[in-house]
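Coordinates in review
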Amino acid sequence: MRRNLHIKLVLIMVLLIVSLMVVVGAFLMNSVTGYYINDFYQQIADAFGPDNADFVRNLQTATPGEEDGAAMVQEVLSAYAGILGVDRRNRNFFVLDGATGRCLGGSAVPPEGGVTVTPNISAALLGTPGFDSSVTADYMDAAIPITRDGHSYIVYILDSRETARSLNAEMFSLIMEALALGLIISVLLSFLLSKTMVDPLQRLTDGIEQVAQGDFSRKLEITSSDEIGQLTESFNAMAQQLETNIAELEKAEQQRKDFVANVSHELRTPLTNIKSYAETLADGVGELPAEMEQRFLGVILNESDRMTHILQDLLTLSRFDSGRSELRLTAFPFAKAVDDTYQAVLMDAQNHAHTVELRLPEHLPQVRADRERIMQVMMNIVSNAIKYTPDGGRIVLSAGQTGNQVWMEVDDNGIGIPKGDRGRIFERFYRVDKARSRQSGGTGLGLSIAQEIMKQHEGRLYLVDKSEPGLTIRMELPIRGPGEEAGHGG
Ligand code: ADP
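Residues numbered from 1 in each chain as written. Predicted model: local features only at pLDDT ≥ 70, side-chain atom pairs only at ≥ 80, totals over all residues. Heavy atoms only, no water.

Here the focus is the sheet that holds strand β9 (residues 405-412). As summarised here, the arrangement of the five strands in space is β6-β8-β9-β11-β10, forming an open sheet in which the pairing is mixed. Across the chains shown, the open sheet's two edge strands, defined by having one partner strand only, are β6 (355-359) and β10 (460-464). Strand after strand, the sheet turns through a mean of 15° between neighbouring axes, direction not considered. Bridging between β10 and strand β11 (residues 471-478) involves five bridges; their strand directions are antiparallel. When the sheet's bridge partners are listed, Leu463 is paired in β11 with Ile473. Across the sheet, helix α10 (residues 371-387) lies against β8 (394-402), β9, β10 and β11, angled at about 20° from β9, the strand it touches most. (Pairing = 2+ DSSP bridges. Helix = DSSP H or I, 4+ residues; strand = E, 2+ residues; numbered from the N terminus. Axes fitted to C-alpha atoms, helices over the stretch in contact; angles between N-to-C directions. Contact = heavy atoms within 4.5 Å.)

Below you can see the structure in the form of structure tokens.
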């Protein structure tokens, strides 16, 4: 990757420099030529303009007794060579016959066969001055017709453009030198640039490879606030998210394994009991005392009930998990549900010599919820308080409203839950004291189901911190029911 990006950078730099130089060079050379052409015509126009009336007059006025007009014109032109810029090397003048274009003399020996008839000379032969030159031609010329002593001549000035050409050549070599220097600088710069760009990318790549191999321990260092810095930051965030997700997945996987182990274990115990009692009964048909047979059959029935119970609870949980469990929402008075729960457990509590106190405020609102399920939660937590409080205990059932929620709290002075177990009692099959729970017909699924029910209602079920012995558990329920916007009045 490093090499690739580097080559690209160098190529970009080189292309940039070359194209810049080509454009600048072409532009410069073109304007130098243009400048020379303009300057040439300006100079000729000035020479024949009002400022040099002498020159024009001397050209056109014949001296008395003059024999060779062309020679005189040539003499005048030689005298005024300075204002025409004639240097006799790159720029020369010629005197042409105004009617034929034949060369009659000049500052230099005319080429073999006379001066070439250019478009400007053709124009002058027709009587108009020729003042035109293309940028691409390798010469520039001007042809001005004059009349002297009744004869017409053409003053022809021819410039080889050598000055412009040599200047352009000079400029070209300068540009080439600049180009070479620019290329060296650009290669050096691209080395530097690629270092600042490629190094962080390389680090990022290394980091990604590490993460790809499952190592999330190293956070990539963010060295800049540019796009690469942002990319690194996003990558770190992504890696962290991935780590969390994987941890969650692993936890879920562990829970699933535990769950399967728990289910097997929970079902095996009653099955083993049923099997051994049934075997005993089968082995001793007609030999066992009737009252013993009765007791064994009772155990078998009990254990089958227990299995049915566990399976029913598991089915309920599985419906919650798959989202197939629909709430049957109705409106009902919350206070009535609390009171019904209280009435339902009163007898059981009295059997254990518990005192149960009910604290219900005067006005509690109607709630929209699945009444049967809410009652199931209430019964579960009150039954637990009765189960896990030694006989003669005190249980307080209180309810109330806070904002747009109603709540019910069950407080007991029973055995409570050791600190280490508090976080886990809502887990499936989790029981602090397995023997005690099983003895009282508990499956360890009651609180998990209760919590799922509260979640479905967008409410909560949780342990309240308290310093005294025993346990306080609290359920909270939104009055408007699940899926409804809060604060619609009422
Ligand atoms: P179980 O069917 O065993 O009662 P739950 O899910 O209802 O199952 O409760 C889970 C565990 O939480 C119980 O086994 C018990 O250890 C503990 N627990 C629940 N309520 C109380 C309570 N009021 N006091 C002490 N421990 C409790």
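Residue placement: Ser194 occurs in helix α6 (residues 162-212). Within polar-contact distance, the side chain of Ser194 engages the backbone oxygen of Phe191 at 3.0 Å. (Polar contact = N/O pair within 3.5 Å; in protein donor to acceptor, adjacent residues only side chain to side chain.)

Reading across from one edge, β2-β1-β4-β3 is the order of the four strands in this open sheet, with antiparallel pairing throughout. At either end of the open sheet lies a strand with only one pairing partner, and these are β2 (103-106) and β3 (140-148). Between one strand axis and the next, the sheet turns by 25° as a mean value, whatever way the strands run. Across the face of the sheet, helix α3 (residues 69-79) comes into contact with β1 (91-97), β2, β3 and β4 (151-159) while running at roughly 160° to β1.

For interface size, the figure often reported is the accessible area lost on association. As assigned here, the protein comprises domain 1 (2-166), domain 2 (227-321) and domain 3 (327-478). If you average the C-alpha positions of domain 2 and of domain 3, the two centres end up 23 Å apart. When the two sides are added together, the surface that domain 2 and domain 3 hide from each other amounts to roughly 1,400 Å², 65% of it contributed by carbon and sulfur. The largest share of the area that domain 2 buries against domain 3 comes from Arg306, Leu317 and Phe320, three residues that together contribute 42% of it. A salt bridge links Arg431 to Glu266; the nearest nitrogen and oxygen atoms lie 2.3 Å apart. Between the two partners, domain 2 and domain 3, sit three residue pairs in polar contact (both at pLDDT 80 or more). Looking at the side of domain 2 that touches domain 3, the elements that each hand over two or more residues are α7 (227-283) and α8 (290-322). It is α8 that provides the largest number of residues to the side of domain 2 that touches domain 3, a total of nine residues. Here the side of domain 2 that touches domain 3 is built from residues that sort into six nonpolar, four polar and four charged. (Domains from an automatic or database assignment. Buried area = accessible area lost by both parts, 1.4 Å probe. Salt bridge = Lys/Arg side-chain N within 4 Å of Asp/Glu carboxyl O. Nonpolar A, V, L, I, M, F, W, Y, C, P; charged D, E, K, R; others polar.)

So, on to a nonpolar patch on the surface. Taken together, the side chains of Leu181, Ile185, Leu189 and Leu192 define a hydrophobic patch exposed on the protein surface, amounting to about 390 Å² of accessible area. Within the fold, Ile185 resides in helix α6. Residue classification places Ile185 among the partly exposed residues on the basis of a relative accessible area of 45%. (Patch = residues over 30% accessible without salt bridge, like charges linked within 9 Å, V, L, I, M, F, W, Y side chains within 5 Å. Areas by Shrake-Rupley, 256 points an atom, 1.4 Å probe, with all protein chains shown as cover. Buried < 20%, exposed > 50% of the residue type's maximum accessible area, 1.4 Å probe, protein only.)

So, about the environment of Ile184. Looking at the element boundaries, Ile184 is found in helix α6. A residue is classified by how much of its surface remains accessible, and Ile184, at 51% relative accessible area, is exposed. Taking the C-alpha atoms as reference points, Ile184 and Leu317, 133 residues apart in sequence, are found 74 Å from one another.

Turning to the nonpolar core, a few remarks are in order. Membership of the largest hydrophobic core comes to 54 residues, with the highest contact counts inside it found for Phe334, Met378, Met408, Val410 and Leu461. For this core, the element with the most residues is α10, which contributes eight residues. Two domains share this core, each providing at least three of its residues, namely domain 2 (227-321) and domain 3 (327-478). Excluding residues within four positions of it along the chain, Met378 makes contact with Phe334, Ala337, Val338, Thr341, Met408 and Met475. One finds Ala70, Val95, Tyr153 and Val155 within the second-largest nonpolar core, a separate group that totals 25 residues. (Core = buried A, V, L, I, M, F, W, Y, C linked by side-chain atoms within 4.5 Å.)

So, about α10. With 17 residues, α10 extends 24 Å from end C-alpha to end C-alpha; this agrees with the ideal 24 Å at 1.5 Å per step. For α10, the set of buried residues is Arg373, Ile374, Met375, Val377, Met378, Asn380, Ile381, Val382, Asn384, Ala385 and Ile386. (Expected span 1.5 Å × (residues − 1).)

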